[in-house]
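Spelled out, the chains give:
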Amino acid sequence: MSEAMRITDGGSDPRKSKEDEVVDRISGLPDSLLLHILSFLPFRCAVRASLILRPFRGLWRSLSSLSFEECDFHACRRGRSGAGEFLNFVEHVLALHESPKIHTFRIELNFHASGFPNPEFDGRGVMSNRLDEWICFALKKKVKVLDVALGGCARPMGAKPALHYRVPSAVLGSSNLVELKLKVCNIESLGQIHLKSLQKLSMFDVNLSEEVIQNLVSGSPSLKKVSLQYCHGLQVLKFERHPSLEELNVCNCVDLEKVDLASSGIKILAVYVGYPLSKIICPNVMTLELDGLQDDVNLDCGSSLNDVALYVSGFGDFLLERGVFLEYYEFKRLLKKLRSIAHFTLCNRSILVFSIWELNNQTCPSFNWKSVTMTLNLAKWHLPGISYLLEACDFLETLTIYVYPSNPEDIQRNTWDRACNFDGRSYWHSVQGTFHCLAHHLKNVMVYACVTEPYVIELIEFLLGNALVLEKMVISTKRNSKENRNGILYLADTSGLEKDYTSDMLLDFSQKVLSLPRISPRAVVHMAVC
Amino acid sequence: MSSSSSSSSSPPCPKKMITLKSSDGETFEIEEIAALQSKTLENMIDENCASTPIPLPNVKGKILAKVVEFCTKHAEAGADAETLRAWDAEFVGVEHAIVFDYILAANFLEIPTLLDLACESVAEMIKGKTPDEIRKFFNINNAFSPEEEEDVRRQNQWAFE
């Protein structure tokens, strides 16, 4: 069959049907159910299916989620062919669509490739006018979720922010919008901002100012979450009292120097810390995520803070400078400041810094963390870090580890191999130190995801053999998200290496674990590996 | 498989059971809390019509058994999203005729989670197939003849470019 005949790419169905026995169940379904089925197809696919398959005839006009992606019409990065067909498609859909209301309206195209906006006409070109019309269509249909992504498949931040498309001010007066996502566009800040139903606001590569943000937030009395990425024009992000705003995600806003939530009731904050951001004031925040951490940051938090996640990132040879391990003094200072947080989440690099401190025989500070969660591409050189953690956290009650395969592409492998000249599998037999938490506090241990990876069973053995007051150990193949709140991937992508567990493999593993000696008489091991 | 020796805390009040009767006369018991997944059953329970077996003339025994299984699973406390998703995928990994039965039962009983799951499953069957393959797969009668289809494509070129 030629490509043009196919309704869409993707999707799969391994079930084969016996042709002679198949009863037509589709034609008998009522329109409402056929429409519901269509709503799960990608939009263009749904339109085509609806035109070509008689039972679905005409139903596409009642679909309530409209999504237009320019990339469906061209081979990405190989020129702009397909633009005409894309525009034709959009115009026809908008002209023929019937329902008085829609739920979602999404546009994704590369605005800057669509012909240069002419600065003489105040930045409005043909494409701008079209976008204005399309957005007005959506607003007239009382759209609830509006997603305008004008970067297309272009390299991000390739264009000057001053030349971005300006979203019409009518958008900022919509009483129906619940979610607004803007990418590579700007906002016209004339007129009143009144978004009475808006709960989520996301802006990516948008030109802003402190005043515009204040007006957006104060004009949205139902606002719950704000997400700002790669936005310009903000030096200080300051929020005042607000009836509902509870979460803020900030990442890579180039001019940002300070985040001030002193007067705000925001409870959840995720910030990427990098130059020039140097001060974060968040006395009321309860859940804090700090990404990057390549530079020192002045953190002013308060007593309500009880959940911290650190996602240290970094490139290049962060371990060594002139053959000597870096000390990470700032990181240590930050951890000391956060020593009394109840729940801590750590990633690969945090544990690697601990490994450095362990291998350098640094004296352990004492952390009062009660619960620690870590997600690791587990390698031999994480083990000293885990040991350091167990020594430092005197009052640890719950330990959760998500294990993923070690990253074969890790450029630091050789350095670590040289530094860790021990056998990973017998590491725990020769480990020295006083593990106060194992003797007195550790009650719960959870080991998740790729549990049969190397070094996991030895760690389980060590914990079962030394945790005197252990009550519960859970081992399961359940996974977590590899992205943090700011959408940053904090784990090496090893999905190709992750095994599909067969019940035999898991039964084998279960038997090994259940036969390990347990020093705590009350310890119960739950294997949930299916 | 799961092996554990733990004591779980049991709910303070005894689980109230509702009896459902399928179109072919089979009866099934379902916990009230699981039955609440169905708006239809929830209304009946509210109006106190739930003391005698509830007749469901639109749902065969074979399907009702599975629906009860679905609602019970989704009413379980402490089920994490990832595991539930995997369970759901297996639940609809059956002959497509049965998936249609789920759609009709979920529609009649107003169980949005099951309706979405089953409809999405049918959508997956449609994706990636040519129109011809779709018609054969579902054996859609009164489909367009090749000439009629050609007409449709020509009149709606904008959708097929």
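Description of the structure in this document. Since the model is a prediction, treat every value here as computed from it, not as a measurement. (Residues numbered from 1 in each chain as written. Chains lettered and ligands numbered in written order. Predicted model: local features only at pLDDT ≥ 70, side-chain atom pairs only at ≥ 80, totals over all residues. Heavy atoms only, no water.)

### Examining the overall build of chain B
For chain B, the count of helices and strands is nine helices and four strands. Start at the N end of chain B and walk to the C end: the helices and strands fall as β-β-β-α-α-β-α-α-α-α-α-α-α. A compact globule built from 161 residues should have a C-alpha radius of gyration of about 15 Å, whereas chain B, at 21 Å, is more than 25% larger. Structurally, chain B occupies a C-alpha span of about 65 × 35 × 25 Å along its principal axes. Counting the 161 residues in chain B, one finds 41% classified as buried. For chain B, the accessible area works out to roughly 8,600 Å², and carbon and sulfur atoms hold 50% of it. The positive charge centre, built from 15 side chains, and the negative charge centre, built from 28, are 2 Å apart in chain B. (Helix = DSSP H or I, 4+ residues; strand = E, 2+ residues; numbered from the N terminus. Rg over C-alpha atoms; globule rule 2.2 N^0.38 Å. Buried < 20%, exposed > 50% of the residue type's maximum accessible area, 1.4 Å probe, protein only. Areas by Shrake-Rupley, 256 points an atom, 1.4 Å probe, with all protein chains shown as cover. Lys, Arg positive; Asp, Glu negative; His and termini not counted. Charge placed at Lys NZ, Arg CZ, Asp CG, Glu CD.)

### Things to note about the pattern of salt bridges
Residue and element names in this part refer to chain B. Counted according to the given criterion, the structure contains 24 salt bridges over all chains. A salt bridge links Glu 76 to Lys 73; the shortest N-O distance between them is 3.7 Å. On the basis of relative accessibility, which here comes to 43%, the residue Glu 76 falls in the partly exposed class. (Salt bridge = Lys/Arg side-chain N within 4 Å of Asp/Glu carboxyl O.)

### Observations concerning the interface of chain A and chain B
Size of an interface, as often reported, equals the accessible area lost when the parts are brought together. Across the contact, 56 residues belong to chain A and 56 residues belong to chain B. Of the roughly 5,000 Å² buried where chain A meets chain B, counting both sides, 64% is carbon and sulfur surface. On the surface where chain A and chain B come into contact, there are two salt bridges. Note that Arg54(A) is salt-bridged to Glu148(B), the shortest N-O span being 3.6 Å. Remark: the boundary between chain A and chain B carries seven residue pairs in polar contact (both at pLDDT 80 or more). Taken together, the residues of the side of chain A that touches chain B break down into 32 nonpolar, eleven polar and 13 charged. (Contact = heavy atoms within 4.5 Å. Buried area = accessible area lost by both parts, 1.4 Å probe. Polar contact = N/O pair within 3.5 Å; in protein donor to acceptor, adjacent residues only side chain to side chain. Nonpolar A, V, L, I, M, F, W, Y, C, P; charged D, E, K, R; others polar.)

### Re helix α6 (residues 112-126) of chain B
When the terminal C-alpha atoms of α6(B) are compared, their 21 Å separation across 15 residues agrees well with the 21 Å that a helix rising 1.5 Å per residue should span. Among all positions of α6(B), only Leu114(B), Leu115(B), Leu117(B), Ala118(B), Cys119(B), Ser121(B), Val122(B), Ala123(B), Met125(B) and Ile126(B) are buried. Looking at the buried residues of α6(B), the elements they touch are α1 (31-38) of chain A together with α3 (61-75), α4 (81-91), α5 (96-109) and α7 (131-138) of chain B. One or two residues past the end of α6(B) sits Gly128(B), with phi positive at roughly 80 degrees. (Expected span 1.5 Å × (residues − 1).)

### Observations regarding the environment of Ser371(A)
Residue and element names in this part refer to chain A. By the secondary structure assignment, Ser 371 is in strand β20 (residues 371-377). Overall, the relative accessible area of 14% leaves Ser 371 in the buried class. Residues Ser 371 and Leu 442, 71 residues apart in the sequence, show an inter-C-alpha distance of 9.3 Å. Look past the residues within four positions of Ser 371 in its chain and what remains in contact with it is Ala 342, His 343, Phe 344, Leu 396 and Thr 398. Within the local environment of Ser 371, its side chain forms a polar contact with the side chain of His 343, the two groups lying 3.3 Å apart.

### A short note on the nonpolar core
Generally speaking, a soluble globular protein has its nonpolar side chains buried in company with each other. Residues Phe68(A), Phe105(A), Met203(A), Ile280(A), Phe354(A) and Trp369(A) are the most contacted members of the largest nonpolar core, which totals 198 residues. Considering every element that reaches this core, the biggest residue donor is α6(B), with nine residues. When sequence neighbours within four positions are dropped, the list of residues in contact with Trp369(A) reads Leu335(A), Leu338(A), Arg339(A), Ile341(A), Ala342(A), Phe344(A), Leu346(A), Phe354(A), Leu389(A), Cys393(A), Phe395(A) and Leu396(A). (Core = buried A, V, L, I, M, F, W, Y, C linked by side-chain atoms within 4.5 Å.)

### Details of the environment of Ala309(A)
Residue and element names in this part refer to chain A. Structurally, Ala 309 can be placed in strand β16 (residues 307-312). For Ala 309, a relative accessible area of 10% puts it in the buried group. Sequence separation of Ala 309 and Val 372 is 63 residues, and the distance between their C-alpha atoms is 9.6 Å. Filtering out sequence-adjacent residues up to four positions away, Ala 309 remains in contact with Leu 288, Glu 289, Leu 290 and Thr 345.

### Quick look at the side chain of Thr375(A)
Residues and elements named next belong to chain A. By the element assignment, Thr 375 lies in strand β20. By relative accessible area, Thr 375 is classed as buried at 2%. Of the polar contacts made by the side chain of Thr 375, one reaches the side chain of Asn 480; its length is 3.2 Å. With residues up to four places along the chain from it excluded, the contact list for Thr 375 reads Leu 346, Cys 347, Asn 348, Tyr 402, Tyr 404, Asn 480, Tyr 490 and Leu 491.

### Comments concerning the sheet that holds strand β15 (residues 298-301) of chain A
Residue and element names in this part refer to chain A. Overall, parallel pairing links the four strands, which are arranged β9-β11-β13-β15 in an open sheet. Where the open sheet ends on each side, the last strands, each with one partner, are β9 (236-238) and β15. Taking the axes of each pair of neighbouring strands and ignoring which way they run, one obtains an average angle of 5 degrees across the sheet. (Pairing = 2+ DSSP bridges. Axes fitted to C-alpha atoms, helices over the stretch in contact; angles between N-to-C directions.)

### A few points about α1(A)
Regarding α1(A), the residues found buried are Leu33(A), Leu34(A), Ile37(A) and Leu38(A). One side of α1(A) carries all its buried residues, which in axial view fall inside an arc of 145 degrees. Those residues of α1(A) that are buried lie in contact with α2 (43-52) of chain A together with α5 and α6 of chain B. (Arc of directions from axis to C-beta.)

### Brief notes about the packing of aromatic side chains
Geometrically, a pair of aromatic rings is defined through the distance of the ring centres and the angle of the planes. Evaluated as defined, the whole model comprises 30 aromatic pairs over all chains. Relative to Trp158(B), the ring of Phe89(A) lies with its centre 5.7 Å away and its plane at 45 degrees, an arrangement referred to as tilted. Residue Phe89(A) is located in helix α3 (residues 83-96), and its partner Trp158(B) is located in helix α9 (residues 157-160); the two belong to separate chains. A relative accessible area of 2% means that Phe89(A) is categorised as buried. Under the relative-accessibility criterion, Trp158(B) is labelled buried at 4%. For the ring pair Phe137(B) and Phe138(B), a centre distance of 4.9 Å and an interplane angle of 85 degrees mean the geometry is edge-to-face. By relative accessible area, Phe138(B) is classed as buried at 1%. Over the aromatic face of Phe73(A) sits the side chain of Arg44(A), whose NZ or CZ is 4.4 Å from the ring centroid. (Phe/Tyr/Trp six-rings, centres within 6.5 Å; stacked < 30°, edge-to-face > 60°. Lys NZ or Arg CZ within 6 Å of the ring centre and 35° of its normal.)

### A look at unusual backbone geometry
All names here are of chain A. At the junction of Tyr 275 and Pro 276, the peptide bond is cis and its omega measures out at 0 degrees in the coordinates. Relative to the helices and strands, Pro 276 is located in the loop between β12 (268-273) and β13 (279-282). One non-glycine residue, Val 184, lies in positive phi territory at about 55 degrees. On the secondary structure map, Val 184 appears in the loop between β5 (179-183) and β6 (185-187). Non-glycine residue Ala 449 carries a positive phi angle of around 75 degrees. Structurally, Ala 449 can be placed in strand β22 (residues 444-449). On the accessibility criterion, Ala 449 (0% relative accessible area) is buried.

### Brief notes about the side chain of Ser22(B)
Residue and element names in this part refer to chain B. Position of Ser 22 relative to the elements: it lies in the loop between β2 (17-21) and β3 (27-31). Among the polar contacts listed, one links the side chain of Ser 22 to the side chain of Asp 24, at a separation of 2.5 Å. Sequence-distant contacts of Ser 22, defined by excluding residues within four places in its chain, comprise Phe 28, Leu 56, Val 59, Lys 60, Gly 61 and Leu 64.

### Brief notes about the packing of α3(B) against α6(B)
Residue and element names in this part refer to chain B. Their axes nearest at 10 Å, the elements α3 and α6 cross at an angle of 115 degrees. Comparing the axis directions of α3 and α6 gives the class roughly perpendicular. Seen from above, α3 lies across α6 with right-handed handedness. Here Val 67, Phe 70 and His 74 of α3 lie close against α6, whose contacting residues are Thr 113, Leu 114 and Leu 117. (Parallel < 35°, antiparallel > 145°, perpendicular 65-115°, else oblique. Left-handed = near helix turned anticlockwise from the far one by under 90°.)

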